[in-house]
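Coordinate inspection notes
The lines below spell out each chain.
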Amino acid sequence: MNGIELCLETFGDPADPALLLIAGGASSMDWWEDEFCRRLAAAGRFVIRYDHRDTGRSTSFPPGEPPYSGVDLAHDALGVLDALGIHRAHVVGLSMGGALAQRIAAERPHRVLSLTLMSTTLGAAPESDDAPPEASVSGPGSPVATTDGDISEMPDWSDRKSSVERMITATKTLGGLFTAGDAHLRRLAERIFDRTNDMAATQLNHWCCQTGPPLRRPLCGITAPTLILHGTLDPMFPAEHAHALAAEIPGSRLVWLEGVGHEFPPAAVWQQVIDEIVGHAARGRQPA
């Protein structure tokens, strides 16, 4: 796909409606946990998760030198669907993945059956002189991000033990009341380290790549039924970010995840999240 190889995995029956999971910045698909994906599939969805470029087993670039923008990352998500022969999907994006999902829903509405935005904020602003100043994302927002893009400040991500400990600490720092314990996070972090081509590229490149051109269409033009799921204890994107999203996308529905921080859904709220994701498209657009 344009010289980029992306690693993906699917769960469930390909005959079911497709559901694409877009992870946050510096996050491989492993953060969408196996059991969470299996439960989504059991609820009647063909679930797709994938490694962003510079994460997991997908194509990596030299740390600090990403030759791509956020627009390219959004195109990657559509490329995953294209590779599977899927024209339309339910799209779920978390943190930076939420910004990518907004771009897809705004600019490629024919590809999106429904939109779920988790732990995120307003994405790239439309091409307008009167766009609100808060309508841009200064960084991808990720449970495992560590620097502001200065390669000289990077720790040694080649060391498995210290890298795993950093991922655990970062996840707990941004987590909430239900974040998994150390043993679970260690198993997950070890898996991520072992299947990642270049951990340094993972931890740096999404942070220093450019957002890309502003949206060609405003978020208020999104037509897909939109659900916003946001943790009440999110320290990266506090409550006002969720309210701003809800105000910007007409008919969107905001649901709070009590006790959840800035993190992929912890097991304690899996059922709530799955019920909301699967059920909201059937409800249709709600009055503003």
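Above this text sits the structure in question.
Read on for a plain summary of the structure. Bear in mind that the values here come from a model prediction, so they are computed numbers and not experimental data.

Definitions and cut-offs
One numbering rule holds for all chains: residues counted from 1, following each sequence as written. Residues qualify for local features only when their pLDDT is at least 70, as the model is predicted, and side-chain atom pairs are given and counted only at 80 or more; totals for whole chains, interfaces and linings, by contrast, use all residues. Excluded from the side-chain calculation are hydrogens and water; included are all heavy atoms of the structure. Within this analysis, patches are made of residues with over 30% relative accessible area and no salt bridge. Like charges are joined at 9 Å or less; nonpolar side chains (Val, Leu, Ile, Met, Phe, Trp, Tyr) at 5 Å or less. For the area figures, the Shrake-Rupley method with a 1.4 Å probe applies, and any residue is considered shielded solely by the protein chains shown. Counted as salt bridges are all cases of a side-chain nitrogen of Lys or Arg within 4 Å of a carboxyl oxygen of Asp or Glu. Secondary structure elements follow DSSP: runs of H or I no shorter than four residues count as helices, runs of E no shorter than two count as strands, and numbering proceeds from the N terminus. Remark: exposure states derive from per-residue accessible area (1.4 Å probe, protein chains only) relative to the maximum for the residue type, with buried under 20%, exposed over 50%, and partly exposed in between. By definition, two strands form a pair when at least two bridges between them are found by DSSP. In this text, buried Ala, Val, Leu, Ile, Met, Phe, Trp, Tyr and Cys residues form a nonpolar core when linked through side-chain atoms within 4.5 Å. Note on contacts: a residue pair qualifies if any of its non-hydrogen atoms lie within 4.5 Å across the two residues.

**A short note on a nonpolar patch on the surface**
On the surface, L177, F178 and L233 cluster together into a nonpolar patch covering about 300 Å² of accessible area. Along the chain, L177 turns up in the loop between α4 (160-174) and α5 (182-194). On the accessibility criterion, L177 (65% relative accessible area) is exposed.

**Some words on the pairing of strand β4 (residues 89-94)**
Counting buried positions along β4 yields 6 of 6 residues, so the element is predominantly enclosed. Where burial is concerned, the two faces of β4 agree: the one with A89, V91 and G93 and the one with H90, V92 and L94 are both buried. Here 4 bridges tie strand β2 (residues 18-22) to β4, and the two strands are oriented parallel to one another. In the strand pairing of β4, L21 is matched with V92.

**Quick notes on the nonpolar core**
Membership of the largest hydrophobic core comes to 38 residues, with the highest contact counts inside it found for L20, I22, I48, L115 and I222. Every element with two or more residues in this core is listed here: β2, β3 (46-50), α2 (70-83), β4, α3 (96-107), β5 (112-118) and α7 (239-248). Apart from residues no more than four positions distant in its own chain, I22 is found in contact with W32, Y50, H52, A77, V91, V92, G93, L94, G97, L100, A101 and I104. Among the nonpolar cores identified, the runner-up in size contains 37 residues, and F36, L40, A41 and L227 belong to it.

The quantities given are spatial measurements derived from coordinates; they are silent on function.
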